[in-house]
Amino acid sequence: MSASLQGRVVAVHGQHLHVLSGGEVHECVTRGKKGGVACNDQVIFKPTGPGTGVIEKVLQRRNLLYRSIAHRTKLLAANVDQVVVVTAAVPAPRDELLIRTLVASAAAGIPAHIVLNKADLPETAWLYTRLRPYRELGYDLTTLTAKADIAPLRALLAGKTSVLVGASGVGKSTLINALVPGANAGTGDISSALNAGRHTTTHTRAFPLPGGGEIIDSPGMQEFGLYHLGTEDLMNAFPEFRELSGRCRFHNCRHLKEPDCAVLEALRAGRILEERWRVYRGLVRELESAAAY
Ligand SMILES: Nc1nc2c(ncn2[C@@H]2O[C@H](COP(=O)(O)OP(=O)(O)O)[C@@H](O)[C@H]2O)c(=O)[nH]1
Ligand SMILES: [Mg+2]
Ligand SMILES: [Zn+2]
């Protein structure tokens, strides 16, 4: 019997994990570990043979992001420094996806950084303007052209562990391929038949960056899970609501239709973005109906 080792999970493919320990990758299984294991978790595992092992324990996490699967929570990534949410003017972006991503990051206590890709397209100027309120909310915005120059992104990622997320078609795979030599991420340029197969498998990988730091990619995933959150967590994940906390008539105000609600007043006065509040209202309903599952 060999002694247990400590390592870091660098890839998750269902119950199969790659754990990096002492410079070597061990293929480990979880044996249905309760609670699950996330990419980038620190774990204790017991070797079961050459290059194989079984997970015994997940060490305490600094933070945790969830994957979105209809009404179920699955772990995605742990111990990360930032979320990088990629957006682009083409295909037409959905406000809701961006907002939900920012909410999930805020609820996990992880800073989010918005990357506006496809700066070469003329439509980008319009989206840049639309994103101005987000910069006022405190989110950093980096504009770049993945196909031409990813230097601005390299600077942003250097020395940090980042999770990459964004709608299909915004250029995530293009960015990964430019950042990580040999990553071979399937891009929208490859035949869609080939992509279809790739995207149905949900695996998550941490790629070491040549200049230090790591980027965590989960092909096919566009959105973080939110079903583990309560209404209170949700309110706190909107900085513009949080700022008004204590100013509503009712201390337990949910900012939905209560009288003398400071959030609703700010909304009517145009100081809160309508789309942000709408997504908030939708999420409150969604989480309350999910809680019944
Ligand atoms: N014009 C332009 N197209 C880009 C850029 N980056 C990626 N694309 C294209 O956008 C499409 C989707 O890219 P892909 O990396 O597969 O997006 P993903 O679905 O987010 O992984 C592909 O056709 C890319 O060639 C860019 O900076 N400018
Ligand atoms: Mg892709
Ligand atoms: Zn209120």
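All figures in this text were calculated on a predicted structure; none of them were measured in a lab. (Residues numbered from 1 in each chain as written. Chains lettered and ligands numbered in written order. Predicted model: local features only at pLDDT ≥ 70, side-chain atom pairs only at ≥ 80, totals over all residues. Heavy atoms only, no water.)

### Brief notes about the packing of aromatic side chains
Short version of the rule: Pairing of aromatic rings covers Phe, Tyr and Trp, the last counted by its six-membered ring, and requires centre-to-centre distances within 6.5 Å; plane angles under 30 degrees mean stacked, over 60 mean edge-to-face, and any other angle means tilted. Burial classes: relative accessible area under 20% of the type maximum marks a residue as buried, over 50% as exposed, and values in between as partly exposed (1.4 Å probe, protein chains only). For the purposes of this entry, the term helix denotes a DSSP run of H or I that reaches at least four residues, the term strand denotes a run of E that reaches at least two, and both are numbered from the N terminus.
Here the structure, examined in full by the defined rule, presents three aromatic pairs. Ring centres of F238 and F241 lie 4.7 Å apart, and the angle between their planes is 15°; this geometry places the pair in the stacked category. Residue classification places F238 among the buried residues on the basis of a relative accessible area of 0%. A ring pair is formed by F238 and Y280, whose centres lie 5.5 Å apart and whose planes are at 80°; its orientation type is edge-to-face. Taken together, the positions of F238 in the loop between helix 7 (231–236) and helix 8 (239–242) and Y280 in helix 10 (residues 274–290) put the pair 42 residues apart, joining distant regions of the chain.

### A look at empty space enclosed by the protein
How we decide: Only protein atoms enter the 1 Å grid used here, on which a cavity is any set of points holding a 1.4 Å probe that cannot leave and a pocket is any open set flanked by protein within 12 Å on both sides along at least five of seven lines; residues with an atom within 4 Å of a point are listed as lining. Grid points are joined across faces, edges and corners, and a volume is the space filled by probe spheres set on the points. Ten residues, namely Ala, Val, Leu, Ile, Met, Phe, Trp, Tyr, Cys and Pro, are considered nonpolar, four, namely Asp, Glu, Lys and Arg, are considered charged, and the remaining ones, Gly among them, are considered polar.
Tallied over the full model, the rule gives one cavity of 30 Å³ or more. What the largest cavity holds in volume is close to 90 Å³. What lines the largest cavity is V85, V86, T87, P93, R94, L97, L98, T101, G166, A167 and V170. Where the lining of the largest cavity is concerned, the elements lending two or more residues are strand 8 (82–88) and helix 1 (95–107). Here the residues of the lining of the largest cavity sort into seven nonpolar, three polar and one charged.

### What about the packing of helix 1 against helix 10?
Rules: Only the stretch in contact is used when a helix axis is fitted, and all axes are lines through C-alpha atoms; the angle between N-to-C directions ranges over 0 to 180 degrees. Here is the rule for angles: anything less than 35 degrees is roughly parallel, anything more than 145 is roughly antiparallel, 65 through 115 is roughly perpendicular, and the remaining ranges are oblique. Take the far helix as the reference: if the near one is turned anticlockwise from it by less than a right angle, the crossing is left-handed, and if turned clockwise, right-handed. Contact criterion: two residues are considered in contact whenever any of their non-hydrogen atoms come within 4.5 Å of each other.
The geometry of helix 1 relative to helix 10 is characterised by a closest axis approach of 10 Å and an angle of 70° between their N-to-C directions. One element, helix 1, and the other, helix 10, form an angle in the roughly perpendicular class. Crossing of helix 1 over helix 10 shows right-handed handedness. Residue-level inspection shows D95, E96, I99, R100, L102 and V103 of helix 1 in contact with helix 10, the latter providing E275, R276, V279, L283 and E286. Partitioning the contact of helix 1 with helix 10 into residue classes produces five nonpolar, no polar and six charged.

### A few points about helix 1
Think of an α-helix as 3.6 residues a turn; residues three or four steps apart then line up on the same face. Cut-off, in case you're wondering: Working rule for helices: expected span equals 1.5 Å times residues minus one.
Across its 13 residues, helix 1 extends 18 Å between first and last C-alpha, which sits within 8% of the 18 Å expected from 1.5 Å per residue. Of all the positions in helix 1, only L97, L98, I99, R100, T101, L102, V103, A104 and S105 are classed as buried. Backbone geometry just downstream of helix 1 places G109 in the positive-phi region, at approximately 75°.

### Regarding the layout of surface pockets
Stated precisely, the cut-off is as follows: All the domain ranges listed were derived from an automatic or database domain assignment.
In this structure, the second largest pocket occupies an estimated 390 Å³ of space. The wall of the second largest pocket is formed by 21 residues, among which V12, G14, V37, K74 and L75 lie closest to the centre. In terms of residue count, the dominant contributor to the lining of the second largest pocket is strand 7 (residues 72–78) (four residues). Of the residues belonging to the lining of the second largest pocket, the class tally is eight nonpolar, 10 polar and three charged. Composition of the lining of the second largest pocket by domain shows at least three residues from each of domain 1 (5–58) and domain 2 (69–217).

### Some details on the domain arrangement of the protein chain
Its domain assignment divides the protein chain into domain 1 (5–58), domain 2 (69–217) and domain 3 (231–290). Centre-to-centre separation of domain 1 and domain 3, based on C-alpha positions: 41 Å.

### With respect to the nonpolar core
Quick reminder of the rule: We define the nonpolar core as a collection of buried residues of types Ala, Val, Leu, Ile, Met, Phe, Trp, Tyr and Cys that are connected through side-chain atoms lying within 4.5 Å of one another.
I114, F224 and Y280 are the most contacted members of the largest nonpolar core, which has 61 residues in total. Among the elements that make up this core, the one with the highest residue count is helix 10 (six residues). Once you skip the residues sitting within four places of it in the chain, F224 turns out to touch L65, Y66, R67, S68, L76, V83, T101, A104, S105, V163 and V165. Judged by nonpolar contacts, the second largest core, of 21 residues, contains V86, I176, L209 and I215.

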